[in-house]
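Commentary on secondary and tertiary structure
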2 protein chains.
Amino acid sequence: MDQELADPAPLAALIGALRRLPGVGVKSARRMAYHLLQHDQPGAIALTQALAQALTELRHCERCNTFSVEPICALCADPRRDATQLCIVETPADQNVIEASHGYRGLYYILMGRLSPLGGAGAEEIGLARVLERAADGVVREVILATSFTAEGDVTAHYLGDALRARGLTVTRLARGVPAGSELEYVDAGTVAWALAERRS
Amino acid sequence: MDQELADPAPLAALIGALRRLPGVGVKSARRMAYHLLQHDQPGAIALTQALAQALTELRHCERCNTFSVEPICALCADPRRDATQLCIVETPADQNVIEASHGYRGLYYILMGRLSPLGGAGAEEIGLARVLERAADGVVREVILATSFTAEGDVTAHYLGDALRARGLTVTRLARGVPAGSELEYVDAGTVAWALAERRS
Ligand SMILES: [Zn+2]
Ligand SMILES: [Zn+2]
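Rules and cut-offs
Residues numbered from 1 in each chain as written. Chains lettered and ligands numbered in written order. Predicted model: local features only at pLDDT ≥ 70, side-chain atom pairs only at ≥ 80, totals over all residues. Heavy atoms only, no water. Donors = N, O, S within 2.8 Å, 3.2 Å for Na, K, Ca; no water. Helix = DSSP H or I, 4+ residues; strand = E, 2+ residues; numbered from the N terminus. Buried < 20%, exposed > 50% of the residue type's maximum accessible area, 1.4 Å probe, protein only. Disulfide = S-S within 2.5 Å. Pairing = 2+ DSSP bridges. Right-handed = clockwise from strand over helix to strand, strands pointing away. Tetrahedral: all angles 85-135°; square planar, octahedral: opposite > 155°, others 65-115°. Domains from an automatic or database assignment. Phe/Tyr/Trp six-rings, centres within 6.5 Å; stacked < 30°, edge-to-face > 60°. UniProt positions renumbered as here; feature names shortened; annotations may be inferred. 1 Å grid on protein atoms, 1.4 Å probe; cavity = no way out; pocket = protein on both sides within 12 Å on 5 of 7 lines; lining within 4 Å. Points joined across faces, edges and corners; volume = space filled by probe spheres on them. Nonpolar A, V, L, I, M, F, W, Y, C, P; charged D, E, K, R; others polar. Salt bridge = Lys/Arg side-chain N within 4 Å of Asp/Glu carboxyl O. Core = buried A, V, L, I, M, F, W, Y, C linked by side-chain atoms within 4.5 Å. Contact = heavy atoms within 4.5 Å.

A closer look at the coordination of the zinc ion (ligand 2)
The textbook angles at a metal center are 109.5 degrees for a tetrahedron of four donors and 90 or 180 degrees for an octahedron of six. Residues and elements named next belong to chain B. Here the zinc ion (ligand 2) is held by Cys 61 (SG), Cys 64 (SG), Cys 73 (SG) and Cys 76 (SG), and the distances to it run 2.3 to 2.4 Å. Sequence spacing among the residues donating to the zinc ion (ligand 2) works out to C-x2-C-x8-C-x2-C. On the criterion of sequence distance, the pair formed by Cys 61 in the loop between β1 (59–60) and β2 (67–68) and Cys 76 in the loop between β2 and β3 (82–89) is long-range, its members being 15 residues apart. Summarising the burial analysis for this pair, Cys 61 and Cys 76 share the class buried.

Dropping the structure here:
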């Protein structure tokens, strides 16, 4: 819809800044701005403070690249983790999913992104040099690629796998298959095809 | 999903602040936080500045209650508008829709909300006293209620209509009916019922 009435400049700037958030269109941005200004000014103040503080205080863990206040995050500093295994994920949310499975006791590297040949995210943006340096610490024996099972996640896994194998590391990928607890009837055909091809005796 | 790994405090605070935005759940808030911190730090800085500036510089127009930098907004100050008509809308976005119709040359009052008996928004929250004071300026002759055609919008219109009529003002409501350009087949039955009941010769 056309904007018939000009917004006052500070409102237009706020709507513009909110639109830069992922998944937020102009209508949502406008609704968020009205909400913050009219119904939740304490929320607006909390958001400015939280943003400023996060920008100042958060850095990346020197070992796994996740967001951290300390130079080395708590998980990387935990001596009970198995330092011979390194699991590569796209985001801290993905890392959390692996932790919630209680099936992994090794360490992580968080890419904070993935290759997107069409979207313009190349090897530099996922920090390939840092991944390789981390994996080649002499302690890691197996690298588990746990990027998403999407086109971009697969490209990323393929690219990292080649580079890591070329340095003599053992590289594995999470198994693709039918989700635990699923009724086969409701599983998509592509997943079933993978589960068939990777069937185990 | 459970959060297995504790987020660093500044990240948790940022996710919490983003969750307060309307329509933003914990997953979206997390994605927004990663995006701002990892991929768009200039966007994060722009958002803190825009929020701080909007909170400082915006006030409500003394006449129509919309967001404005000046005490009286440009529309209220425009001598070409017909000051005998006052159109009451819920939000500046609704006002914009009316302006875009090019069918109205009067003035506005923006409630910045609506009655929500179940949601706890009562007469004070929509500023009934200010609406009545504005409408009773001695110049306004007709008040056009243009709140939404939803349960809450109807309650608001009903409530305002009663109060305004009690003060001797002429009150009208936008016509309910079949949208221009619609094929009847695709119009919902409630709308058709209204269009029948309010048919014109
Ligand atoms: Zn770490
Ligand atoms: Zn005004």
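Once the structure has been displayed, the description carries forward.
With respect to the state of the cysteines
This structure, assessed with the given rule, holds zero disulfides over all chains. Note on Cys 87 of chain A: no disulfide assigned, nearest cysteine sulfur contributed by Cys 64 of chain A at a separation of 11 Å.

Description of the pairing of strand β5 (residues 142–145) of chain B
All names here are of chain B. Looking at chain direction, β3 and β5 are connected through four bridges and run parallel. When the bridges of β5 are listed, Leu 86 appears paired with Val 143. Two strands pair when backbone bridges link them, and β5 and strand β6 (residues 170–173) are joined in this way by four bridges, in the parallel orientation. Of the residues in β6, the one forming a bridge with Val 143 is Val 171. Where the polypeptide runs from β5 across helix α6 (residues 151–166) and back to β6, its parallel neighbour, the crossover connection is right-handed.

Describing the coordination of the zinc ion (ligand 1)
Residue and element names in this part refer to chain A. Looking at the zinc ion (ligand 1), the protein donor atoms are Cys 61 (SG), Cys 64 (SG), Cys 73 (SG) and Cys 76 (SG), and they sit 2.3 Å from it. Around the zinc ion (ligand 1), the four donor atoms are arranged such that angles at the metal cover 106 to 117°; this shape is classified as tetrahedral. Along the chain, the residues donating to the zinc ion (ligand 1) are arranged with the sequence spacing C-x2-C-x8-C-x2-C. Here Cys 64 is found in the loop between β1 (59–60) and β2 (67–68), whereas its partner Cys 76 is found in the loop between β2 and β3 (82–89), with twelve residues between them in sequence. Taken individually, Cys 64 and Cys 76 each receive the classification buried, so the pair is uniform in this respect.

Observations regarding the domain arrangement of chain A
Per the domain assignment, the segments of chain A are domain 1 (10–17 + 25–57) and domain 2 (80–173). For domain 1 of chain A and domain 2 of chain A, the distance between their C-alpha centres works out to 34 Å.

Comments concerning the packing of aromatic side chains
Centre-to-centre distance and the angle between the planes together describe a pair of aromatic rings. All names here are of chain A. Tallied over the entire structure, the rule returns four aromatic pairs over all chains. Between Tyr 104 and Tyr 108 the ring centres are 5.2 Å apart and the planes differ by 70°, which places this aromatic pair in the edge-to-face class. Side by side, Tyr 104 and Tyr 108 carry an identical accessibility label, which is buried.

Thoughts on the UniProt feature "domain: Toprim" (unreviewed entry) in chain A
In this numbering, the UniProt entry assigns the feature "domain: Toprim" (unreviewed entry) to residues 84–179 of chain A. Structurally, residues 84–179 of chain A is divided into 34% helix and 20% strand, and its ends, taken at the C-alpha atoms, are 28 Å apart.

Concerning the layout of surface pockets
In this structure, the largest pocket encloses a volume near 930 Å³. Along its surface, the largest pocket is lined by 31 residues, and Arg 31 and Tyr 34 of chain A together with Thr 91, Ala 93 and Asp 94 of chain B are the ones closest to its centre. Taken together, the elements giving at least two residues each to the lining of the largest pocket come down to α2 (26–39) of chain A together with α4 (92–100) of chain B. Among the elements that line the lining of the largest pocket, the one with the most residues is α2 of chain A, at eight residues. Taken together, the residues of the lining of the largest pocket sort by class into 13 nonpolar, ten polar and eight charged.

Looking at the pattern of salt bridges
Applying the stated criterion across every chain, the model contains 18 salt bridges over all chains. A salt bridge links Arg 80 of chain A to Asp 78 of chain A, with the shortest nitrogen-to-oxygen separation between them at 3.1 Å. By relative accessible area, which is 17% here, Asp 78 of chain A ends up buried. When the shortest N-O distance is used, the salt bridge between Arg 173 of chain B and Asp 154 of chain B registers 2.8 Å. Taken together, the residues span a long stretch of sequence, with Arg 173 of chain B in strand β6 and Asp 154 of chain B in helix α6 at a distance of 19 residues. Bridged by salt links that share partners, the residues Arg 63, Arg 134 and Asp 137 of chain A form one connected network.

A few points about the nonpolar core
Ranked by internal contacts, the top residues of the largest apolar core, which has 108 residues, are Leu 164 of chain A together with Leu 164 of chain B. Among residues more than four places away in sequence, those in contact with Leu 164 of chain A are Ile 88, Leu 132, Ala 135, Val 143, Leu 145, Leu 169 and Val 171 of chain A.

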